[in-house]
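# Understanding the architecture of this molecule
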Amino acid sequence: MTIRSLYSAVSRGTETLVFAGAVPESEYERMRAPFQAGQLPGPVKHGYANVGVVEAGPDGWLGRHVFCLFPHQTRYVVDTDAVIPLPADVPAARSVLAANMETAVNALWDAGIGVGDRVTVVGAGVIGGLIAGLASALPGADIELVDIDAGKAALANALGVAFRTPDNATGNRDVVVHASASAAGLNTAIGLAGFEATVLEMSWYGSAPVSVALGGAFHSQRLTLRSSQVGAVSPTRRARRDHRSRLALAVSLLADPRFDALFETEDAAFDDLPAVMHRLTSDEDKSLCQRIRYD
């Protein structure tokens, strides 16, 4: 089928590391995007959050809006099994978050977050916001979103969760999810975990070294520090779920209008993407999800 792109989105984590040439050589193959052209470290055609409309294809597909793990491109041709049709209640513009939402779903499965859990998410970016938003729907759950930027309180409010800065965050938590991509954030997460709690690391640091404070209460608290990565379905669901069913679930969860709060920045035009990538890799840019518009 032939798909005309309507929107795509830039991954602030993986894509900016690829753009900056900060992917370790050991990860060149494991970090390939599904439809990547070229080889890391570059040049490559990267990206994996594309929403478009079917212009040509099998009966019943013409005119349908679909999500595909395809790079930033105006038109492309893929098999039908490479796309997820959007449900009627999921707007095309919001569904560019599907790849990030898939990561968040996997995180909840990996962490085993359940009813009544006291959960802290450190890092109020796109992944942190999605995880906090999903977890907040669990009955009896107590969710805090922690960030050094007090301005992220507006995002927490939109998601219906409590906001804290690191100096006033609640401790003794059942699960702490780290998504700030900083050593300071990871150490904050470890410090907030309760006895025998799990700290789930969502951040990918590329080739940057990370200093972790394991000399304090980490051992006496018997903490579990584990990674979560979307490349494999969580082992808690792997026997019954595959990548496609997980992605379809992620797309359906974007019917929730709360997640529009993750789009703080105006859409950028596709022709401006090179300048956008330079801006997103600067230390000054603190925007959340950058959506690309195709006219």
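That block above? That's the structure.
What this report covers is the structure whose coordinates are included nearby.

Calculation rules
- Here the residue numbers are simple positions, counted from 1 along each chain's written sequence.
- Only residues with pLDDT of at least 70 are given local features in this predicted model, and only at 80 or more are side-chain atom pairs given and counted; all residues enter the totals for whole chains, interfaces and linings.
- The basis for the side-chain values is all heavy atoms of the structure; hydrogens and waters are excluded.
- Helix numbers and strand numbers start at the N terminus; a helix is a DSSP run of H or I with at least 4 residues, a strand a run of E with at least 2.
- Note that the radius of gyration is over C-alpha atoms, with the globule rule given as 2.2 Å times the number of residues to the power 0.38.
- In this scheme, a residue with accessible area under 20% of its type's maximum is buried, one over 50% is exposed, and one in between is partly exposed, where area comes from a 1.4 Å probe on protein chains only.
- In short, Shrake-Rupley with a 1.4 Å probe defines the accessible areas, and a residue's cover is counted only from the protein chains shown.
- Charge assignment in this entry is limited to Lys and Arg as positive and Asp and Glu as negative, and neither His nor the chain termini are counted.
- For charged residues, the charge sits on one atom: NZ in Lys, CZ in Arg, CG in Asp, CD in Glu.
- Among buried residues, those of type Ala, Val, Leu, Ile, Met, Phe, Trp, Tyr and Cys that are joined through side-chain atoms within 4.5 Å constitute a nonpolar core.
- The pairing criterion for strands is at least two bridges between them, as found by DSSP.
- In this analysis, axes come from line fits to C-alpha atoms, helices being fitted only over the stretch in contact, and the angle between any two N-to-C directions falls in the range 0 to 180 degrees.
- Just so you know how the angles are binned, under 35 degrees is roughly parallel, over 145 roughly antiparallel, 65 to 115 roughly perpendicular, and the rest oblique.
- Handedness of a helix crossing follows the sense of rotation of the near helix relative to the far helix, less than a right angle counterclockwise being left-handed and clockwise being right-handed.
- Between two residues, a contact is recorded if the distance between any of their heavy atoms is within 4.5 Å.
- Charged means Asp, Glu, Lys or Arg here, nonpolar means Ala, Val, Leu, Ile, Met, Phe, Trp, Tyr, Cys or Pro, and polar covers whatever is left, Gly included.
- By convention, a crossover is right-handed whenever its connection, traced from the first strand over the helix to the second and viewed with the strands pointing away, goes clockwise.
- Only protein atoms enter the 1 Å grid used here. Points where a 1.4 Å probe fits but cannot escape make up a cavity, open sets with protein on both sides within 12 Å along at least five of seven lines make up a pocket, and a residue lines them when an atom lies within 4 Å of a point.
- Grid points are joined across faces, edges and corners, and a volume is the space filled by probe spheres set on the points.
- The arc in question is formed by the directions pointing from the helix axis toward the C-beta atoms.

### Considering the overall build of the chain
Helix and strand counts for the chain stand at seven helices and 15 strands. In terms of C-alpha radius of gyration, the chain reaches 19 Å, essentially the compact-globule figure of 19 Å for 295 residues. Referenced to the eigenvectors of the C-alpha coordinate spread, the extents of the chain come out at roughly 60 × 40 × 40 Å. The proportion of buried residues among the 295 residues of the chain is 48%. As displayed, the chain offers around 13200 Å² of accessible surface, 52% of which is attributable to carbon and sulfur atoms. Charge-centre separation for the chain: the mean point of 25 positive side chains lies 5 Å from the mean point of 32 negative side chains.

### As for the nonpolar core
Soluble globular proteins: nonpolar side chains tend toward being buried together. Among the nonpolar cores identified, the biggest contains 56 residues, and Phe67, Met101, Ile131 and Phe259 are the most heavily contacted of them. Examining the composition of this core, we find that nine residues originate from one element, helix 2 (residues 98-111), more than from any other.

### Some words on the sheet that holds strand 13 (residues 224-227)
In any sheet, the strands associate via hydrogen bonds between backbone groups, in a parallel or an antiparallel arrangement. A sheet is described by the order of its strands in space; here six strands give the open sequence 10-9-8-11-12-13, paired in parallel fashion. The open sheet is flanked by strand 10 (162-164) and strand 13, the only strands paired with a single partner. Each neighbouring strand pair of the sheet contributes to a mean axis angle of 20 degrees, computed without reference to strand direction. Bridge analysis of strand 12 (residues 193-201) against strand 13 gives four bridges, and the strand direction is parallel.

### Things to note about the packing of helix 2 against helix 3 (residues 126-135)
Closest axis-to-axis distance for the helix 2/helix 3 pair is 9 Å, and the angle between their directions is 55 degrees. Judged by the angle between their axes, helix 2 and helix 3 are oblique. The two elements helix 2 and helix 3 meet at a crossing, and its hand is right-handed. Within the contact between the two elements, helix 2 uses Asn100, Met101, Thr103, Ala104, Val105, Ala107 and Leu108 and helix 3 uses Val126, Ile127, Leu130, Ile131, Leu134 and Ala135. Taken together, the residues of the contact of helix 2 with helix 3 break down into eleven nonpolar, two polar and no charged.

### Considering the pairing of strand 8 (residues 118-122)
In terms of burial, strand 8 is a largely internal element, four of the five residues being buried. Across five bridges, strand 8 lies against strand 9 (residues 142-146) in parallel orientation. Across the sheet, the residue bridging to Val121 is Leu145, located in strand 9. Between strand 8 and its parallel partner strand 9, the chain crosses via helix 3, and the hand of that crossover is right-handed. Where strand 8 and strand 11 (residues 173-178) come together, four bridges link them in parallel fashion.

### Structural notes on empty space enclosed by the protein
All chains considered together, the criterion is met by one cavity of 30 Å³ or more. For the largest cavity, the calculated volume is near 50 Å³. Along its surface, the largest cavity is lined by Ala9, Val10, Ser11, Glu15, Tyr48, Ala49, Ala99 and Asn100. Grouping the constituent residues of the lining of the largest cavity by class yields five nonpolar, two polar and one charged.

### What to know about helix 6 (residues 243-253)
Considered for burial, the residues of helix 6 that qualify are Arg246, Leu247, Ala250 and Val251. Seen end-on, helix 6 carries its buried residues on one side only, within an arc spanning 140 degrees. Those residues of helix 6 that are buried lie in contact with strand 5 (65-68), strand 7 (83-85) and helix 2.

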